[in-house]
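Structural overview
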Amino acid sequence: MTSRLVEDESGASTELGYIFTFMLGVLFLSMFSVWAFGLETSTRENWNTTAVDVNMADIAAAVERADTASREDSSVSYAEVVTWRLTEADETEFVLTLDDTGLSLDHSENELDREVSISGTGYGTYDGRINLSGTAEIWIVYHEGVTYLSTTRPDF
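Throughout what follows, the structure given in this document is the object of discussion.

Parameters and conventions
Residues numbered from 1 in each chain as written. Predicted model: local features only at pLDDT ≥ 70, side-chain atom pairs only at ≥ 80, totals over all residues. Heavy atoms only, no water. Pairing = 2+ DSSP bridges. Helix = DSSP H or I, 4+ residues; strand = E, 2+ residues; numbered from the N terminus. Axes fitted to C-alpha atoms, helices over the stretch in contact; angles between N-to-C directions. Contact = heavy atoms within 4.5 Å. Phe/Tyr/Trp six-rings, centres within 6.5 Å; stacked < 30°, edge-to-face > 60°. Buried < 20%, exposed > 50% of the residue type's maximum accessible area, 1.4 Å probe, protein only. Polar contact = N/O pair within 3.5 Å; in protein donor to acceptor, adjacent residues only side chain to side chain. Patch = residues over 30% accessible without salt bridge, like charges linked within 9 Å, V, L, I, M, F, W, Y side chains within 5 Å. Areas by Shrake-Rupley, 256 points an atom, 1.4 Å probe, with all protein chains shown as cover. Salt bridge = Lys/Arg side-chain N within 4 Å of Asp/Glu carboxyl O. Lys, Arg positive; Asp, Glu negative; His and termini not counted. Charge placed at Lys NZ, Arg CZ, Asp CG, Glu CD.

Below, the discussion takes up the sheet that holds strand β1 (residues 78-83). Strands pair in a sheet through their backbones, by hydrogen bonds, and they do so in one of two ways: parallel or antiparallel. If you trace the 4 strands from one edge of the open sheet to the other, you get β1-β7-β8-β5, paired in mixed fashion. This sheet does not close on itself; its edge strands, each paired only once, are β1 and β5 (125-127). Across the sheet, the mean angle separating the axes of adjacent strands is 15 degrees when strand polarity is ignored. Taken together, the 5 bridges between strand β7 (residues 137-143) and strand β8 (residues 146-150) define a ladder with antiparallel strand orientation. Within the sheet, the bridge partner assigned to Tyr-142 lies in β8 and is Thr-147. Lying on the sheet, helix α1 (residues 10-72) is in contact with β1, β5, β7 and β8; it crosses β1 at an angle near 170 degrees.

Printed below as a string of structure tokens:
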């Protein structure tokens, strides 16, 4: 039995087909990964801005209720707790301020900065500046003519 070498190139096209199919699969998976990452990022950013907006609306509403209580009787004391909804932003960078012009939230990421106007119809002044690092509850307090923010429950 003698063997002879045959130069057959028909298998090369099959091998090239396998390589191109593999490369096409890698391309599709890469594109899917980029799309999924973008979707996750936009969802997270949307959650952050929505949570901050709802938090600010809740706090502003509580300040308005404190103003209403101050108009009822000048010697009244009022306290209300608002639960801060957590975000994925760095909460150590949040600074919440209450003054005569309104409620403002400052963050190093400027897209999370917020300003909310208040009516300012209470019988007193407004004061308060708190860092929200580790804060789950914010107290809105009216006592002795001052509406202020606090992270601890007031002792009346």
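Structure's up, so let's keep going.
Following the criterion strictly, the structure yields 2 aromatic pairs and no others. Between Phe-32 and Trp-35, the ring centres sit 5.7 Å apart and the planes meet at 40 degrees, which makes this aromatic pair tilted. Taken together, the residues Phe-32 and Trp-35, both in helix α1 and 3 residues apart, mark about one turn of the helix. Between the aromatic rings of Trp-84 and Phe-94, the centroid separation amounts to 5.8 Å while the plane-to-plane angle is 65 degrees, which identifies the pairing as edge-to-face.

It is worth spelling out the side chain of Arg-114 at this point. When you line up the elements, Arg-114 lands in strand β4 (residues 114-116). In this structure Arg-114 comes out as buried when scored by relative accessible area, which is 17%. At a separation of 2.4 Å, a polar atom in the side chain of Arg-114 contacts the side chain of Asp-53. A distance of 2.8 Å separates a polar atom in the side chain of Arg-114 from the backbone oxygen of Glu-111. Other than its neighbours up to four places away in sequence, Arg-114 contacts Thr-49, Val-52, Asp-53, Met-56, Leu-103, Ser-104 and Leu-105.

Taken together, the side chains of Glu-45, Asp-90, Glu-93, Glu-109 and Glu-111 make up a negatively charged region of the molecular surface. Take Glu-109: it is sitting in the loop between β3 (102-106) and β4.

Turning next to the pattern of salt bridges. Overall, the coordinates contain 5 salt bridges when judged by the stated rule. Notably, a salt bridge pairs Glu-88 with Arg-44, separated by 3.2 Å at the nearest N-O pair. With Glu-88 in the loop between β1 and β2 (95-99) and Arg-44 in helix α1, this pair connects stretches of sequence that are 44 residues apart. A residue is classified by how much of its surface remains accessible, and Glu-88, at 55% relative accessible area, is exposed. Of the charged contacts, one joins Arg-85 and Asp-58 as a salt bridge, the two residues approaching to 2.6 Å between their closest N and O atoms. Taken together, the positions of Arg-85 in the loop between β1 and β2 and Asp-58 in helix α1 put the pair 27 residues apart, joining distant regions of the chain. Judged by its relative accessible area of 33%, Arg-85 falls in the partly exposed class. Look at the salt bridges and you will find they share partners, linking Glu-40, Arg-44 and Glu-88 into a network.

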